[in-house]
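Chain by chain, the residues:
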Amino acid sequence: ENNAASLEDLCSNLESVLKFQNRIIELKIERDEQAIARHDVDFVIVDRTFIDIIVYTRMWITQLIGTEPQESFTPNAYRALRDISTKCVSGQEKYSGVIYVPFMEHVPWDIDPNRANRNLIGEFTEHSSHFIDEIGGESKNNIYQVTGVSISDRVSEVIKFIKGI
């Protein structure tokens, strides 16, 4: 028997979104701390940051608005977003820098029920920009958005950014 839930199932109501995302935060903190504690590497690169977590949480909760009773959903959703945002800002402060690599239109998109839908890329990018603006301060200066189109240009940009940290 397979008890695994699909991403659609996990995003079907506020309680499951919050439980899922809080568990993701716990695991992310644990894994990042293990990676940072290593003494055999000069730096650690992760493919997901706390920005991803809060952005997906915001998107999924926004999609739920109107599908659950408003009298309890809206205050709980805002409170939950505030709490998760606080955790994500705190987690994000551990990074020396963040490299945002936008989606490349010429790269094929693999359809996977456990992954976000390709149609959400524009919304994800918009929410990411808002969150980056919100965290501000020192960490904002270490957020770099790759602009190159070719893979070699992107690699060069990333290497230059890392050398500057």
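These numbers were taken from a predicted model, which means no experiment stands behind them. (Residues numbered from 1 in each chain as written. Predicted model: local features only at pLDDT ≥ 70, side-chain atom pairs only at ≥ 80, totals over all residues. Heavy atoms only, no water.)

Student: How would you explain the packing of helix 2 (residues 14-37) against helix 3 (residues 50-64) if you had to name every residue and give the values?
Tutor: One can describe the packing of helix 2 onto helix 3 by two numbers: an axis separation of 10 Å at closest approach and a directional angle of 180°. As summarised for this structure, helix 2 and helix 3 are arranged roughly antiparallel, according to the angle between their axes. Together, Leu 14, Val 17, Leu 18, Phe 20, Gln 21, Ile 24, Ile 25, Lys 28, Ile 29 and Asp 32 of helix 2 and Phe 50, Ile 53, Tyr 56, Thr 57, Trp 60, Ile 61 and Leu 64 of helix 3 make up the contact between the two elements. Broken down by class, the residue content of the contact of helix 2 with helix 3 amounts to 13 nonpolar, two polar and two charged. (Axes fitted to C-alpha atoms, helices over the stretch in contact; angles between N-to-C directions. Helix = DSSP H or I, 4+ residues; strand = E, 2+ residues; numbered from the N terminus. Parallel < 35°, antiparallel > 145°, perpendicular 65-115°, else oblique. Contact = heavy atoms within 4.5 Å. Nonpolar A, V, L, I, M, F, W, Y, C, P; charged D, E, K, R; others polar.)

Student: Talk me through a nonpolar patch on the surface; I want residue IDs and the actual numbers.
Tutor: A cluster of nonpolar residues, Ile 36, Val 41, Val 44 and Val 46, forms a patch on the protein surface that exposes about 270 Å² of accessible area. The residue Val 41 is located in the loop between helix 2 and helix 3 in this model. (Patch = residues over 30% accessible without salt bridge, like charges linked within 9 Å, V, L, I, M, F, W, Y side chains within 5 Å. Areas by Shrake-Rupley, 256 points an atom, 1.4 Å probe, with all protein chains shown as cover. Salt bridge = Lys/Arg side-chain N within 4 Å of Asp/Glu carboxyl O.)

Student: Before we move on, could you go through the packing of aromatic side chains and cite the residues and values that matter?
Tutor: All told, the structure shown has four aromatic pairs when counted by the stated rule. Between Phe 50 and Tyr 95, the ring centres sit 6.1 Å apart and the planes meet at 40°, which makes this aromatic pair tilted. Of the two residues, Phe 50 sits in helix 3 while Tyr 95 sits in the loop between helix 4 (70-92) and strand 1 (98-100), which places them 45 residues apart along the sequence. Both residues of the pair, Phe 50 and Tyr 95, count as buried. Where Tyr 144 meets Phe 161, the ring centres are 5.4 Å apart and the plane angle is 20°; that geometry is what we call stacked. Taken together, the positions of Tyr 144 in strand 2 (residues 143-145) and Phe 161 in helix 7 (residues 151-164) put the pair 17 residues apart, joining distant regions of the chain. What links up through ring pairs into an aromatic cluster is the set Phe 20, Tyr 56 and Trp 60. Here the basic side chain of Lys 28 rests over the ring of Phe 50, its NZ or CZ set 5.7 Å away from the ring centre. (Phe/Tyr/Trp six-rings, centres within 6.5 Å; stacked < 30°, edge-to-face > 60°. Buried < 20%, exposed > 50% of the residue type's maximum accessible area, 1.4 Å probe, protein only. Lys NZ or Arg CZ within 6 Å of the ring centre and 35° of its normal.)

Student: For the pattern of salt bridges, give the residues involved together with the corresponding values.
Tutor: Pairing is possible between side chains of opposite charge, provided their charged atoms come close. Applying the stated criterion to the full structure yields six salt bridges. Of the charged contacts in the structure, one is a salt bridge between Asp 32 and Lys 28, with a shortest N-O distance of 3.0 Å. On the criterion of helical spacing, the pair formed by Asp 32 and Lys 28 is a turn pair, its members being four residues apart in helix 2. Asp 32 sits in the buried class, given a relative accessible area of 8%. Overall, the relative accessible area of 12% leaves Lys 28 in the buried class.

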